[in-house]
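Breakdown of the fold
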Amino acid sequence: MLALILQLLAALGYVATALLALRERSRSTATRLPFFAGLAAIAAHALGYALRTWGQGGPELHFFAALSLVGLGMGVLTLTDGLLRRINALQVVVMPLAGLAMLPYALLPAQPAASLTWQLQLHAWTALLAYASMSVGAVLAALLWLQERALRNRRPSTMTRRLPPLIQTEALLFRILWACFVLLGMTLVTGVLFVEDLLAQHLAHKTVLSVLSWGVLGLLLFGRHRFGWRGQRAVRLTLLAMGLLLLAFFGSKFVLELVLARA
């Protein structure tokens, strides 16, 4: 019961963080209220997950648990960047998504924990961090697309006017993409080292799609460094990498666990 209360409080905290960040964007002076609200939401989210899995002998990593953990990672990444650079605009979009991602897990009954060695847990946690960073990157790519569209049409909306300058959004996008590239590379390496039968029937498509996503990210980052790729090309390649990664992990887990009812 305590775990459920903490997770529901976390969901409310994520929404409060977004609202406070939105209010900050309309003011000339910034405060730390969105940061502290986000920190409280993340702490409640993490503690609720820890209490729910305490004593089970391992983490819960089924579909909805993984979705909740990705939301937690998105919140941590967004809050960290906001702390370092005082950019609250990303919190307006990402924090409600983090709260939405955790709600199904909070409301559903607990399921058996995954029995994993520390090596496989390292692989799993690295993968979840990679998905979280890629998700934040996809949100940034969408915001970048909205900003460029508003500039071309010369009709900025209320939301785009409250976003950071376009060049700042783009720079943040590529910082997140570099982090995702490294984390996804680590995920693939730990998978090769620690996962038995990596190309087994239920893992082959996940492996291939993850490698393709990593390759798309690598291509984009190389193009950015060598040819100065930006704008719509960066948006399209970021969303393509996100789509491949979404299919690789959550697409396969959805089919295996919720459609075919396989662990």
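Shown above is the structure to which this text applies.
The rules behind these values
- Residues numbered from 1 in each chain as written.
- Predicted model: local features only at pLDDT ≥ 70, side-chain atom pairs only at ≥ 80, totals over all residues.
- Heavy atoms only, no water.
- Helix = DSSP H or I, 4+ residues; strand = E, 2+ residues; numbered from the N terminus.
- Buried < 20%, exposed > 50% of the residue type's maximum accessible area, 1.4 Å probe, protein only.
- Areas by Shrake-Rupley, 256 points an atom, 1.4 Å probe, with all protein chains shown as cover.
- Axes fitted to C-alpha atoms, helices over the stretch in contact; angles between N-to-C directions.
- Parallel < 35°, antiparallel > 145°, perpendicular 65-115°, else oblique.
- Left-handed = near helix turned anticlockwise from the far one by under 90°.
- Nonpolar A, V, L, I, M, F, W, Y, C, P; charged D, E, K, R; others polar.
- Polar contact = N/O pair within 3.5 Å; in protein donor to acceptor, adjacent residues only side chain to side chain.
- Contact = heavy atoms within 4.5 Å.
- Phe/Tyr/Trp six-rings, centres within 6.5 Å; stacked < 30°, edge-to-face > 60°.
- Salt bridge = Lys/Arg side-chain N within 4 Å of Asp/Glu carboxyl O.

A word on the overall build of the chain. Across its full length, the chain holds nine helices and zero strands. Counting from the amino terminus, helix and strand elements in the chain follow one another as α-α-α-α-α-α-α-α-α. When the 263 residues of the chain are sorted by exposure, 47% land in the buried category. For the chain, the accessible area works out to roughly 13,400 Å², and carbon and sulfur atoms hold 70% of it.

A separate point is the packing of helix 5 (residues 118-153) against helix 7 (residues 166-194). Relative to each other, helix 5 and helix 7 sit at 155°, their axes nearing to 8 Å. Looking at the two axes, helix 5 sits roughly antiparallel to helix 7. Regarding helix 5 and helix 7, the two cross each other, and that crossing is left-handed. Looking at the contact of helix 5 with helix 7, its residues break down into 22 nonpolar, ten polar and two charged.

All right, on to the side chain of Thr53 then. Structurally, the position occupied by Thr53 is in helix 2 (residues 33-53). Engagement of the side chain of Thr53 in a polar contact is seen with the backbone oxygen of Tyr49, the distance being 3.0 Å. Residue contacts for Thr53: discarding those within four places in its chain leaves Gly58, Glu60 and Tyr105.

On inspection of all chains with the given rule, the structure shows nine aromatic pairs. Measuring from ring centre to ring centre gives 4.5 Å for Tyr131 and Phe249, while their planes differ by 25°; the resulting arrangement is stacked. Remark: Phe249 occurs in helix 9 (residues 231-259) and Tyr131 occurs in helix 5; sequence separation between them is 118 residues. Phe249 shares its class with Tyr131; the two are buried.

Any two side chains of opposite charge can pair, given that their charged atoms come close. Scanning the model with the defined rule gives three salt bridges in all. Notably, a salt bridge pairs Glu170 with Arg224, separated by 3.3 Å at the nearest N-O pair. Placement of Glu170 in helix 7 and of Arg224 in helix 8 (residues 201-227) is noted, with a sequence separation of 54 residues between them. Overall, Arg224 belongs to the partly exposed group, its relative accessible area being 29%. The shortest N-O distance in the salt bridge between Arg230 and Glu170 comes to 3.1 Å.

These figures come from the coordinates and say nothing about function on their own.
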